[in-house]
Amino acid sequence: MTDTASYAAFLPERHRSDAVALTSTWWEWRGRRVHIARAPNRDAQVRLLGIHGAGGYSGALWPFTSAAARQAEILVPDMPLYGHTVEPRPGRVRYGHWLDLLCDLVVAERTTDPRPLILFGASMGGMMAYETAARTGQADAVIVTCLLDPSDPDARAAAARWAAVGRTAPRTLPVASRVAGDVRLPIRWLTRMDRISNDPALSSLCASDPRGGGTRVPIGFLDSWFRYRHTPPEDYDGPPVTLVHPADDRWTPPFVSTRFADRIAAPTRTVMLDGCGHFPIEEPGLTQMREAVEDVARSLLA
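Right, let's walk through the structure included here. (Residues numbered from 1 in each chain as written. Predicted model: local features only at pLDDT ≥ 70, side-chain atom pairs only at ≥ 80, totals over all residues. Heavy atoms only, no water.)

### A look at the pattern of salt bridges
Definition in use: Salt bridges are identified by distance alone: a Lys or Arg side-chain nitrogen within 4 Å of an Asp or Glu carboxyl oxygen. The helix and strand labels rest on DSSP assignments: H or I over at least four residues marks a helix, E over at least two residues marks a strand, and numbering proceeds from the N terminus. Each residue's exposure class comes from its accessible area (1.4 Å probe, protein chains only) as a fraction of the maximum for that residue type: buried when under 20%, exposed when over 50%, partly exposed otherwise.
This model, assessed by the stated rule, comprises 26 salt bridges. The shortest N-O distance in the salt bridge between R30 and D104 comes to 3.4 Å. A residue pair is termed long-range when its members are at least 10 positions apart, and R30 in the loop between β1 (23–29) and β2 (32–39) and D104 in helix α4 (residues 95–112) qualify at 74 residues. According to the relative accessible area criterion, D104 is partly exposed, its value standing at 32%. Among the ionic pairs, D248 bridges to R250, the shortest N-O distance being 3.3 Å. Counted as one network, the salt bridges with shared partners bring together R38, R42, R47, E73, E109, D113 and R115.

### Some points on the sheet that holds strand β5 (residues 117–121)
Here is the rule: Only strands joined by at least two bridges in the DSSP assignment are considered to pair. To get an axis, fit a line to the C-alpha atoms, keeping to the stretch in contact for a helix; angles then go from 0 to 180 degrees between the N-to-C directions. By the convention used here, residues are in contact when the closest approach between their heavy atoms is within 4.5 Å.
Spatially, the eight strands line up as an open sheet ordered β1-β2-β4-β3-β5-β6-β9-β10, and their pairing is mixed. At either margin of the open sheet sits one strand with a lone partner, and together these are β1 and β10 (268–273). Each strand axis lies, on average, 20° off the axis of its neighbour in the sheet, ignoring direction. As paired elements, strand β3 (residues 47–51) and strand β4 (residues 73–77) share three bridges and run parallel to each other. If you follow R47 over to β4, its bridge partner there is E73. Together, β2, β3, β4 and β5 form the strand contacts of helix α3 (residues 58–68), whose direction differs from that of β4 by roughly 155°. Against the sheet, α4 touches β1, β2, β3, β4 and β5, its axis set at about 110° to β1.

### Observations concerning the packing of α3 against helix α12 (residues 285–301)
Selection rule: Under this scheme an angle from 65 to 115 degrees is roughly perpendicular, one under 35 degrees roughly parallel, and one over 145 degrees roughly antiparallel; angles in between are oblique. Residues are grouped as follows: nonpolar covers Ala, Val, Leu, Ile, Met, Phe, Trp, Tyr, Cys and Pro; charged covers Asp, Glu, Lys and Arg; every other residue, Gly included, is treated as polar.
Packing of α3 against α12 leaves a shortest axis separation of 8 Å and a crossing angle of 60°. Judged on the interaxial angle alone, α12 and α3 are oblique. In this structure, α3 uses F64, A67 and A68 to contact α12, whose residues at the interface are L286, M289, R290 and V293. For the contact of α3 with α12, the per-class residue count stands at six nonpolar, no polar and one charged.

Below you can see the structure in the form of structure tokens.
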């Protein structure tokens, strides 16, 4: 079975010792048993909640997240359909369920722990972190590797395996969803999983991992994402947003994220991760991401 160690092996050697061990915990949410990987650290002054996208889960996200956030207490939930979360009705999962889960989790965590909370979204998880912060008002900072807004035709084109399909998805997918919304298809058939990393071996691992990029998603889930309307950036009144975008991302081009970030009403900062692909494990970008996370954490404690 694929596990965190398989992904950690791709980290630069100097960062492997920074990746802390995870502990599996469980949270009951609306009839689902949600798996949450954690690194408890009562001495940490800040907490970081990692959010994965459509090709990952806690095990895949953990190595570079824990390497980048060495001083924080970390938690990373597995979204329904992914990782170890037990989903009773996989064909009925929709993008809105993911956002509802994250919002409820953030509120629950803040109720029991008052330490500053950073939302760290990777890939599609970037917009999820942004939206969760906007909805709940409970996060203290947002850090994202990508801001892939499905209302942007260029973002849809980048996300889909075939650009033309992505651009037309809001018109074509509703028809398929009405007829076969619960039918699940391999995510690697529908997205450019071969571009998730600039290392072919890591891309292959992601695409074949049955808990991550090797899973199947309902057509209705895809339809719900392509047609979702996030909080307009001009109306965003959440905490500051830091975009740490891989500079050598061959899946989601940086300009798609930066032009969304430039419209956000709250303070924003953009850091390009030199040498990094979509799955940011290369140097010097991984060190740059760690420095950006540490800068955000320091700003919350100042």
